[in-house]
Amino acid sequence: MDATLVSVFQAQVAARGSRVALRTEAGEALTWAEWASQAHAVAAALVREGVQPGDRVAILAGNGLLWPIADVGILLAGAVSVGVYPTSAPAQVRTVLADAGARVLLVDTAERLDIARRVRADLPTLRVVVATTLPAAGRQADERDWPAGVAAAAHAPRVTAWRDARPTDDA
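Values in this document were obtained by computation on a predicted structure and should not be read as measured data. (Residues numbered from 1 in each chain as written. Predicted model: local features only at pLDDT ≥ 70, side-chain atom pairs only at ≥ 80, totals over all residues. Heavy atoms only, no water.)

Draft legend 1. Looking closely at the overall build of the chain. Scanning the chain from terminus to terminus reveals six helices and seven strands. Each helix and strand of the chain, placed in order from N terminus to C terminus, yields the pattern α-β-β-α-β-α-β-α-β-α-β-β-α. The burial tally for the chain puts 43% of its 171 residues in the buried class. Summed over all atoms, the accessible surface of the chain reaches about 8,700 Å², with 53% contributed by carbon and sulfur. (Helix = DSSP H or I, 4+ residues; strand = E, 2+ residues; numbered from the N terminus. Buried < 20%, exposed > 50% of the residue type's maximum accessible area, 1.4 Å probe, protein only. Areas by Shrake-Rupley, 256 points an atom, 1.4 Å probe, with all protein chains shown as cover.)

Draft legend 2. Examining the packing of aromatic side chains more closely. Summed over all chains, the structure comprises three aromatic pairs. Between Phe9 and Trp32, the ring centres sit 5.9 Å apart and the planes meet at 50°, which makes this aromatic pair tilted. Of the two residues, Phe9 is situated in helix 1 (residues 5-16) and Trp32 in helix 2 (residues 32-48); the sequence distance between them amounts to 23 residues. With a relative accessible area of 15%, Trp32 lands in the buried category. (Phe/Tyr/Trp six-rings, centres within 6.5 Å; stacked < 30°, edge-to-face > 60°.)

Draft legend 3. Looking closely at the nonpolar core. Formed by 30 residues in total, the largest nonpolar core has its most connected members in Phe9, Trp35, Leu46, Val57, Ile74, Val104 and Leu106. Excluding its chain neighbours within four sequence positions, the residues that come into contact with Val104 are Leu46, Val51, Arg56, Val57, Ala58, Leu126, Val128 and Val130. Core analysis: the next-biggest nonpolar cluster, separate from the first, contains 17 residues, Leu60, Leu105, Ile115 and Leu123 among them. (Core = buried A, V, L, I, M, F, W, Y, C linked by side-chain atoms within 4.5 Å. Contact = heavy atoms within 4.5 Å.)

Draft legend 4. The pairing of strand 3 (residues 56-60), seen in detail. Burial analysis of strand 3 places four of its five residues in the buried class, the great majority of the element. Sheet topology note: the strand 3/strand 4 (residues 80-84) ladder contains five bridges and is parallel. Residue pairing in the sheet places Val57 in a bridge with Ser81 of strand 4. Chirality of the crossover, the property in question, places the unit of strand 3, helix 3 (residues 66-76) and strand 4 among those that are right-handed. Bridge count between strand 3 and strand 5 (residues 102-107): five bridges; the pairing is parallel. Each bridged residue has a counterpart across the sheet, and for Ile59 the counterpart in strand 5 is Leu106. (Pairing = 2+ DSSP bridges. Right-handed = clockwise from strand over helix to strand, strands pointing away.)

Draft legend 5. Geometry of helix 1. End to end, helix 1 covers 16 Å across twelve residues, agreeing with the expected 16 Å (1.5 Å per residue, within 8%). Taken together, the buried positions of helix 1 are Val6, Ser7, Phe9, Gln10 and Val13. Summarising the axial view, the buried residues of helix 1 lie within an arc of 160°, below the 170-degree limit, and thus occupy one face. Projecting away from the buried face of helix 1 at angles above 90 degrees are the exposed residues Leu5 and Ala15. Of the surrounding elements, those touching the buried residues of helix 1 are helix 2 and helix 3. (Expected span 1.5 Å × (residues − 1). Arc of directions from axis to C-beta.)

Draft legend 6. Main features of the environment of Arg56. Inspection of the secondary structure puts Arg56 in strand 3. Taking C-alpha positions, Arg56 is 6.1 Å from Ser81, a pair spaced 25 residues apart along the chain. Engagement of the side chain of Arg56 in a polar contact is seen with the backbone oxygen of Gly54, the distance being 2.5 Å. (Polar contact = N/O pair within 3.5 Å; in protein donor to acceptor, adjacent residues only side chain to side chain.)

Draft legend 7. Here's a closer look at the environment of Ala26. By the element assignment, Ala26 lies in the loop between strand 1 (20-23) and strand 2 (29-31). A relative accessible area of 71% means that Ala26 is categorised as exposed.

Draft legend 8. Looking closely at the side chain of Ser88. Within the secondary structure, Ser88 sits in the loop between strand 4 and helix 4 (90-100). You can call Ser88 buried: its relative accessible area is 11%. A polar side-chain atom of Ser88 sits 2.9 Å from the main-chain carbonyl oxygen of Tyr85. Not counting the four nearest positions on each side in its chain, Ser88 is found in contact with Val93 and Ile115.

Listed below in structure tokens is the structure:
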């Protein structure tokens, strides 16, 4: 089988499981095994939300652990990861999401959630916005709370869509 980013990631997890893979400037750290576990939970949460192989899932977040965890989780689900610069203006966010045909958007702050809410009326393919924190009041029907969704999916069967991916795929 030809190597893909996910197959190489899985090999690193197998070889280096308990070693630190990621460390932030704030001192947060994840081992390869923790990264894989959290990424698999993200993949399961996305699949539970209806994400199909080839769907576009966007990330609008600052530097932190959300990016690499979500990025790998998106790929594990067989979806395509779409990065949006965290400093993008709402019009830029709208353009990137529209051009990509994003079905799901992951955001990490209330400010970025507000941008998502402002542009979503112009994005008919955008189904779900997932935030790391959502205000208790005013939640829209298709917005999910990221930690709760991932925690609920953590015990789901492993997503295996990535195994069908080939280096020549756009997913």
